[in-house]
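Structural overview for review
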Amino acid sequence: MKVLVINCGSSSLKYQVLDMRNEVLEAKGLVERIGMEGSVITHEKTDMEKFQLITPMESHKDAIGHVLDAIVDPNHGVVSDMSEIGAVGHRVVHAGEKYADSVIIDDSVLTALEECVELAPLHNPPNLLGIAACQELMPNTPMVAVFDTAFHQTMPPESYIYAIPYEYYEKHKIRRYGFHGTSHKYVAERAADMLNVDIKDLKLITCHLGNGASVSAIKRGICMDTSMGFTPLEGLVMGTRSGDIDPAIVTYIREKEGLEQGEANEILNKKSGVLGISGVSSDFRDLEAAAEDGNERAMLAIKIFAHKVRSYIGAYIGEMNGVDAIIFTAGVGENDIAMRDIICNDMGNLGIKLDLVKNKVRGKESIISRDDSKVKILLIPTNEELMIARDTYRLCK
Ligand code: AMP
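First, a word on scope: everything that follows refers to the structure included in this document. All values derive from a computational prediction rather than experimental measurement.

1. A closer look at the pattern of salt bridges
- Tallied over the entire structure, the rule returns 20 salt bridges.
- Note that E26 is salt-bridged to K2, the shortest N-O span being 2.9 Å. Linking E26 in strand β3 (residues 24-32) with K2 in strand β1 (residues 2-8), this pair joins segments that are 24 residues apart in sequence. Assigned by exposure class, E26 and K2 land together as buried.

Listed below in structure tokens is the structure:
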């Protein structure tokens, strides 16, 4: 069976077609600037040159129409007819407490996801638009929703309840949800395969370090804790997000700076993180170049980012009474050799010893700890699309 994976953002859309008999990626692409001037689709059939088309796309339905055209195109397409696509897997950011696993989409699922819009106002609406567009254009094809929050639903209450009046959890569903769940789950399962140990016998700490970043504690394949919270703002320092701060700072800045409603949120989400500290960039490549040129705030941003990851690793070792492997994934985790070095530096007493030679690798599955390191350190490129395709196939085959 071939599966189409759709990851829909507010003005962009990523897609992949995978043949699930052997989990082979056949084509992938990106639509950008949906609803704006200069809408463009970039489509890439595996082992072929990229194909690009600039054409007006007013809506997500227009965008998906172009995706389907590209997939059936006689030159760069991968199916002769849309009926060859057996199912569509959709990435959906927030499922609240409703779903702890992926689910075949029906009307009741759509209603539940509508109810989650207020929990993820930026993410769920475009996800729902993508589903609606596919349902309209492919009315007989089953659709599956795969949630960023689902994997974290196994956390115990002591990890997800905030120490604020309990009624806010009951009335407003305010709790830790966690995000990047598909990625944390994927790399945890890959780690068990690479180490050739049953995941039920492992304690893992997965570090998804990208522009958004989160860490999870995974014991026996079950998520025990994760650093992102009610929204993806909590936890680590990120590209432009503050991560954990004293909540009193929000009211204080509002008063001092005379901020309007919503502005503080905007600052903490878009102007903070390593960008806010350094004043240089949210991209670690820029930060490291600036640090090399002697920019002290860029250096400080790098140190603060690493410090926070180390704090969470320490906390999760405590929570799980140990760790067997630490996994690095996503843009920074997969590619930033220097950052992995700073994070793992001087952790020998915890049995964590990075091999500085093996660490000189980017974007390739590798064990990068020293042979005498009690805790294995792994680099595992994440593959959320494959995970979505696997769940879609499992539910629809
Ligand atoms: P992601 O959100 O997972 O796509 O990660 C994107 C981030 O990864 C970028 O903003 C960069 O900060 C970082 N990144 C990508 N490649 C490199 C690299 N070669 N060295 C350092 N950081 C990188």
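2. Looking at helix α14 (residues 384-396)
- Helix length check: α14 (13 residues) gives 18 Å between terminal C-alpha atoms against 18 Å at 1.5 Å per residue, within 8%.
- Inspection of α14 places E384, E385, L386, M387, I388, A389, D391, T392 and C396 among the buried residues, and these make up the whole buried set.

3. Observations regarding the site of the ligand
- Around the ligand lies a shell formed by G210, N211, D283, F284, R285, A330, G331, V332, N335, D336 and R362.
- One of the side-chain N or O atoms of R285 is found 3.5 Å from a nitrogen atom in the ligand.
- In the environment of the ligand, an oxygen atom lies 2.9 Å from a nitrogen or oxygen atom belonging to the backbone of G331.
- Burial of the ligand by the protein chains amounts to 72% of its free accessible area of 500 Å².
- Within the residue set of the shell around the ligand, elements represented by two or more residues are α10 (284-292) and α12 (330-335).
- Among the residues forming the shell around the ligand, the class breakdown is three nonpolar, four polar and four charged.

4. What to know about the packing of helix α6 (residues 181-195) against α14
- Relative orientation of the contacting elements α6 and α14 amounts to 90°, with a least axis distance of 9 Å. With respect to their mutual orientation, α6 and α14 come out roughly perpendicular. Of α14, the residues touching α6 (which contributes T182, S183, K185, Y186 and E189) are E384, L386, M387, I388, R390 and D391.
- Among the residues forming the contact of α6 with α14, the class breakdown is four nonpolar, two polar and five charged.

5. Describing the packing of aromatic side chains
- This model, assessed by the stated rule, comprises six aromatic pairs.
- Centre to centre, the rings of Y166 and Y169 are 5.5 Å apart; their planes meet at 70°, and the pair counts as edge-to-face. Note that Y166 and Y169 are positioned in helix α5 (residues 166-172) at a spacing of three residues, about one turn of the helix.
- Exposure remark for Y166: the relative accessible area of 46% places this residue in the partly exposed category.
- With 6.3 Å between their ring centres and 40° between their planes, Y177 and F230 make a pair best called tilted.

6. Quick word on the nonpolar core
- If you look at the biggest cluster of nonpolar residues, it comprises 45 residues, and the most contacted ones within it are I205, C207, L209, F305, I313 and I326.
- Elements supplying a minimum of two residues to this core: β9 (203-209), β10 (213-219), α10, α11 (296-320), β12 (325-329), α13 (337-344) and β14 (376-379).
- Here this core takes 11 residues from α11, the largest share from any one element.
- In contact with I205, other than residues within four places in its own chain, are V215, S216, I313, Y316, I317, M320, V323, A325, I326 and I327.
- In this structure, I64, I105, A112 and C134 belong to the second largest nonpolar core, which totals 39 residues.

7. Remarks on the sheet that holds β9
- Read across the sheet, six strands follow the order β11-β10-β9-β12-β14-β13 without closing on themselves; strand pairing throughout is mixed. Because the sheet does not close on itself, it has two edges, and the strands there are β11 (222-226) and β13 (366-367).
- Where β9 and β12 come together, five bridges link them in parallel fashion. The residue of β12 that forms the bridge with I205 is I326.

8. Examining the pairing of strand β2 (residues 13-19)
- In terms of residue burial, β2 counts as a mostly covered element, since six of its seven residues are buried.
- Pairing of β1 with β2 involves seven bridges; the strand directions are antiparallel. Each residue of the ladder has a partner; that of K2, found in β2, is D19.
- Summarising the sheet, β2 and β3 pair through seven bridges and their orientation is antiparallel. Pairing of V17 across the sheet is with A27, part of β3.
- Linkage of β2 to β3, two consecutive antiparallel strands, is achieved through a turn of four residues, within which E23 is found at a positive phi near 55°.

Rules used in this analysis
- Residues numbered from 1 in each chain as written.
- Predicted model: local features only at pLDDT ≥ 70, side-chain atom pairs only at ≥ 80, totals over all residues.
- Heavy atoms only, no water.
- Salt bridge = Lys/Arg side-chain N within 4 Å of Asp/Glu carboxyl O.
- Helix = DSSP H or I, 4+ residues; strand = E, 2+ residues; numbered from the N terminus.
- Buried < 20%, exposed > 50% of the residue type's maximum accessible area, 1.4 Å probe, protein only.
- Expected span 1.5 Å × (residues − 1).
- Near = heavy atom within 4 Å.
- Polar contact = N/O pair within 3.5 Å; in protein donor to acceptor, adjacent residues only side chain to side chain.
- Areas by Shrake-Rupley, 256 points an atom, 1.4 Å probe, with all protein chains shown as cover.
- Nonpolar A, V, L, I, M, F, W, Y, C, P; charged D, E, K, R; others polar.
- Axes fitted to C-alpha atoms, helices over the stretch in contact; angles between N-to-C directions.
- Parallel < 35°, antiparallel > 145°, perpendicular 65-115°, else oblique.
- Contact = heavy atoms within 4.5 Å.
- Phe/Tyr/Trp six-rings, centres within 6.5 Å; stacked < 30°, edge-to-face > 60°.
- Core = buried A, V, L, I, M, F, W, Y, C linked by side-chain atoms within 4.5 Å.
- Pairing = 2+ DSSP bridges.

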